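# Structural features, examined
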Amino acid sequence: MASKTSESGHELVEVSRPELERLERHFTPWANGLLRLRPGGWLFPGAFTETADKIYNFGWKEDDVLVTGFLKTGTTWLQEILWTMRNHSNLDHPLANTPILDRVPIIDTDMFINPKGFRSVTPSHPLKPMLDDFKKKCPDGDATQGIYIQMAGVLPEPRTLKTHYPFSVLHPDLLEHTKCVYVARNPRDVVVSLHHMCRLFEYNNYSGTLEQFVDYFVNGDVIQGPYWLHVKEAWEKRNHPNLHFIFYEDLKSDTMKELRRLNDFLGTNLTAEQLDNVKCYTSFGEMQSRNNFTNTKRPDNPGVKKEIEKSDGGFFRKGVTGSWSNTLTPSMVEKIDEWTRKYLSEIPFRYK
Ligand code: A3P
């Protein structure tokens, strides 16, 4: 098996053919296979090899703010909250209502498309619209070096950025100069929300059962997992002055309290009226009706399966705490709880 070492010190090990068949049995296969990182056992698409060191060495600026968190923990909500607090608290920013990924890019997206694919793009190639968008924003850029990371590089300041990467693959000095907001969510709701997303997005196209999905999750076999290690790495840093650790459940149950805490952390000095604007603009109902995450003409729109969207909801699905109780069977709950007790017993998750 081929492997190389990233600057973060991880060995990137190509997943062997039989293991790949097992991991991709119910998912659309990744064009470049999968990698396991050692240590940690992180599971990433093969193109992580192309992007890992670029993100590790990303040129952070002093007033950047980074949203981090595992998939389905509420990171999009935090993206919109932070951007609004920093730019749109008077509800007068000209870019409000434009696609959120233009305003707050996810800097690790290059690994899903593999920058090498830009070497030969014909006018009818599916990557052509993405390349055109990139060329507009970065006329001197080289797409084969990753378009998202370069587009993030030219974003006007103050930049709000997002990554789903765990702290251990980011530069160890990150928190010394950049404020990060980490969001965590109870594992039962994460499983339900992630299962939904994997069925909804065309590029995942999950075809297994919920029960099988729970097994993928607890066995560390979902992409960008394992979730437990993702949370644990952030939890260990929670007392760092540049890290703000927030739980989805707290944000949901007392949004204003959490907005005030964020106001202090970011030093945004928003008034009660401005915080109220932020709360309204980023409420689930408002974000769901704007739907400017997936329902956009952006070339990187992940593509949603209309029949799933109609029957089970779209990207903005329920936006509540505790939807696991209508979805998971008692034995699934027990499996997830056992996993939580084993790996994350110190984290005070709330389930309601
Ligand atoms: P559900 O699938 O449980 O509804 P991420 O952005 O990290 O992918 O997380 C997505 C989850 O956050 C989804 O959970 C989504 O509905 C929820 N979410 C997004 N915006 C929200 C908001 N404004 N308020 C509450 N939940 C929100």
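What you are looking at is a predicted structure, and each value in this text was computed from that prediction instead of being measured.

### A few points about the overall build of the protein
Along its length, the protein carries 17 helices and eight strands. Relative to its length of 352 residues, the protein is compact, with a C-alpha radius of gyration of 19 Å against a globular reference of 20 Å. When each of the 352 residues of the protein is scored for burial, the buried share is 58%. A fraction of 73% describes how many contacts in the protein between residues 6 or more apart in sequence connect residues 24 or more apart. Summed over all atoms, the accessible surface of the protein reaches about 15,300 Å², with 49% contributed by carbon and sulfur.

### Some remarks on the sheet that holds strand 6 (residues 160–163)
Pairing is parallel across the open sheet formed by four strands, whose spatial order is 6-5-7-8. Taken across any chain shown, the strands that pair with only one partner, and hence form the sheet edges, are strand 6 and strand 8 (243–247). Averaged over all adjacent pairs, the angle separating strand axes in this sheet is 20°, with direction ignored. Alignment of strand 5 (residues 65–68) against strand 7 (residues 179–184), held across four bridges, turns out to be parallel. By the bridge assignment, V67 is partnered in strand 7 with V181. Across the sheet, helix 3 (residues 75–87) touches strand 5, strand 6 and strand 7, and the angle it forms with strand 5 is around 160°.

### Some remarks on the pattern of salt bridges
One pass over the full model with this rule turns up 21 salt bridges. A salt bridge links D221 to R36; the nearest nitrogen and oxygen atoms lie 2.7 Å apart. On the criterion of sequence distance, the pair formed by D221 in the loop between helix 10 (210–218) and helix 11 (227–236) and R36 in strand 3 (residues 34–38) is long-range, its members being 185 residues apart. Residues joined in a network through salt bridges with shared partners are E19, R22, R36 and D221.

### Let's talk about the domain arrangement of the protein
Taken as a whole, the protein is organised into domain 1 (1–57), domain 2 (61–105 + 157–352) and domain 3 (115–154). Once you take the C-alpha centre of each, domain 1 and domain 2 turn out to be 23 Å apart. For the pair domain 1 and domain 2, the summed buried area comes to about 2,100 Å², and 61% of that belongs to carbon and sulfur atoms. Inspection of the domain 1/domain 2 interface yields two salt bridges. For D221, the salt bridge goes to R22, with nearest N and O atoms at 3.1 Å. Counting across the domain 1 and domain 2 interface gives nine residue pairs in polar contact (both at pLDDT 80 or more). Every element with two or more residues in the side of domain 1 that touches domain 2 is listed here: helix 1 (17–23), strand 3, strand 4 (43–45) and helix 2 (48–56). At four residues, helix 2 tops the list of elements feeding residues into the side of domain 1 that touches domain 2. Grouping the constituent residues of the side of domain 1 that touches domain 2 by class yields twelve nonpolar, eight polar and three charged.

About the criteria used
- Residues numbered from 1 in each chain as written.
- Predicted model: local features only at pLDDT ≥ 70, side-chain atom pairs only at ≥ 80, totals over all residues.
- Heavy atoms only, no water.
- Helix = DSSP H or I, 4+ residues; strand = E, 2+ residues; numbered from the N terminus.
- Rg over C-alpha atoms; globule rule 2.2 N^0.38 Å.
- Buried < 20%, exposed > 50% of the residue type's maximum accessible area, 1.4 Å probe, protein only.
- Contact = heavy atoms within 4.5 Å.
- Areas by Shrake-Rupley, 256 points an atom, 1.4 Å probe, with all protein chains shown as cover.
- Pairing = 2+ DSSP bridges.
- Axes fitted to C-alpha atoms, helices over the stretch in contact; angles between N-to-C directions.
- Salt bridge = Lys/Arg side-chain N within 4 Å of Asp/Glu carboxyl O.
- Domains from an automatic or database assignment.
- Buried area = accessible area lost by both parts, 1.4 Å probe.
- Polar contact = N/O pair within 3.5 Å; in protein donor to acceptor, adjacent residues only side chain to side chain.
- Nonpolar A, V, L, I, M, F, W, Y, C, P; charged D, E, K, R; others polar.

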